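The residues making up each chain are set out below.
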Amino acid sequence: MLAGSLVFVALGIVFLVAHSTVKMTVAGVLALPFFGFCSVIIIQRLLRDRPELVLDDAGVDHVRLGRFTWEEIAAVRIHEQRVRNTSQRFVELVLHDPDAYLARAPKPVRRTASMNARLGFGPAYIATNTLPVPPEAVLGAMRRHHPGLAVQH
């Protein structure tokens with residue numbers, strides 16, 4: 001992800017320097033700050049000392065979503081979102097009380113909750129493209145920590 005962002009930063013610079021057309025100049029002006037910001041965020045994520053996802057006997061701790069106890073989680077499932085010819089997989093935590101979670105959720109999660117609901121997601125989902133293991137391994141680890149956890153298909 002970092003390499004891809006840096007490629008677009010470089011392209012933005014080329015578009016600004018070459019500026020042979022208005023389209024290239026506008027593309028450079030838009031690409032440079034957006035992908036520059038993305039690169040900074042990705043570098044921060046790589047440099048932080050904390051893993052993205054921690055599972056233990058008490059529950060789940062995710063860097064973006066926060067902490068969940070096993071009692072808050074009704075089930076887990078792998079959710080796939082298809083857009084045109086590509087798809088993205090997510091591990092979704094199906095919560096007993098999503099509204100209670102949203103009341104304490106980090107601000108970015110609360111902001112995107114209604115849009116995610118229209119796409120068929122609950123408020124607690126974990127993108128698998130940033131995890132070092134496949135989603136099936138995450139579900140297996142969750143079941144090892146909480147054997148009674150329901151897995152929806």
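A quick note: this is a predicted structure, and the numbers were derived from the prediction, not measured. (Residues numbered from 1 in each chain as written. Predicted model: local features only at pLDDT ≥ 70, side-chain atom pairs only at ≥ 80, totals over all residues. Heavy atoms only, no water.)

It is worth spelling out the overall build of the protein chain at this point. Scanning the protein chain for helices and strands turns up five helices and seven strands. Going from N to C terminus, the protein chain has its helices and strands arranged as α-α-β-β-β-β-β-α-α-β-α-β. Relative to the 2.2 N^0.38 estimate, which gives 15 Å for 153 residues, the radius of gyration of the protein chain is 19 Å and therefore markedly larger than a compact globule would have. Buried positions account for 29% of the 153 residues belonging to the protein chain. The contacts in the protein chain between residues at least 6 apart in sequence include a share of 54% that link residues at least 24 apart. Carbon and sulfur atoms make up 64% of the accessible area of the protein chain, which amounts to about 9,400 Å² in all. (Helix = DSSP H or I, 4+ residues; strand = E, 2+ residues; numbered from the N terminus. Rg over C-alpha atoms; globule rule 2.2 N^0.38 Å. Buried < 20%, exposed > 50% of the residue type's maximum accessible area, 1.4 Å probe, protein only. Contact = heavy atoms within 4.5 Å. Areas by Shrake-Rupley, 256 points an atom, 1.4 Å probe, with all protein chains shown as cover.)

Another point: the environment of V63. Residue position: V63 is located in the loop between β2 (59-62) and β3 (66-69). Among the residues examined, V63 registers a relative accessible area of 27% and is labelled partly exposed. Counting along the chain gives 40 residues from V63 to A103, while the straight-line C-alpha distance between them is 17 Å.

To continue, consider the side chain of N116. With respect to the secondary-structure elements, N116 resides in helix α4 (residues 107-118). By relative accessible area, which is 5% here, N116 ends up buried. Residues in contact with N116, not counting those within four places in the same chain, are F121, G122 and Y125.

Right, let's get into the sheet that holds β2. The antiparallel open sheet is built from three strands, whose spatial order is β1-β2-β3. Each having just a single partner strand, β1 (53-55) and β3 make up the two edges of the open sheet. In this sheet, neighbouring strand axes are inclined to one another by 10 degrees on average, regardless of whether the strands run parallel or antiparallel. With three bridges connecting them, β1 and β2 associate as antiparallel partners. Across the sheet, L55 pairs through a bridge with V60, a residue of β2. Contacts from helix α5 (residues 135-145) reach β1 and β2, with the element oriented near 30 degrees to β1. (Pairing = 2+ DSSP bridges. Axes fitted to C-alpha atoms, helices over the stretch in contact; angles between N-to-C directions.)

Turning our eyes to something else, we now look at the packing of aromatic side chains. Inspection of the entire model under this criterion finds four aromatic pairs. Ring geometry for F34 against F35: centres 4.9 Å apart, planes inclined by 85 degrees, an arrangement best described as edge-to-face. Ring geometry for F90 and Y125: centres 5.3 Å apart, planes at 85 degrees, overall edge-to-face. Placement of the pair is F90 in strand β5 (residues 86-95) and Y125 in strand β6 (residues 125-127), with a sequence separation of 35 residues. Like Y125, F90 is buried. (Phe/Tyr/Trp six-rings, centres within 6.5 Å; stacked < 30°, edge-to-face > 60°.)

Another aspect to go through is the nonpolar core. Residues V60, F68, I73, L93 and M142 are the most contacted members of the largest nonpolar core, which totals 22 residues. Only β1, β4 (73-83), β5 and α5 provide two or more residues apiece to this core. Per-element accounting of this core gives the leading share, four residues, to α5. Here M142 is in contact with L55, V60, W70, V76, V91, L93 and L149, once residues within four sequence places are set aside. (Core = buried A, V, L, I, M, F, W, Y, C linked by side-chain atoms within 4.5 Å.)

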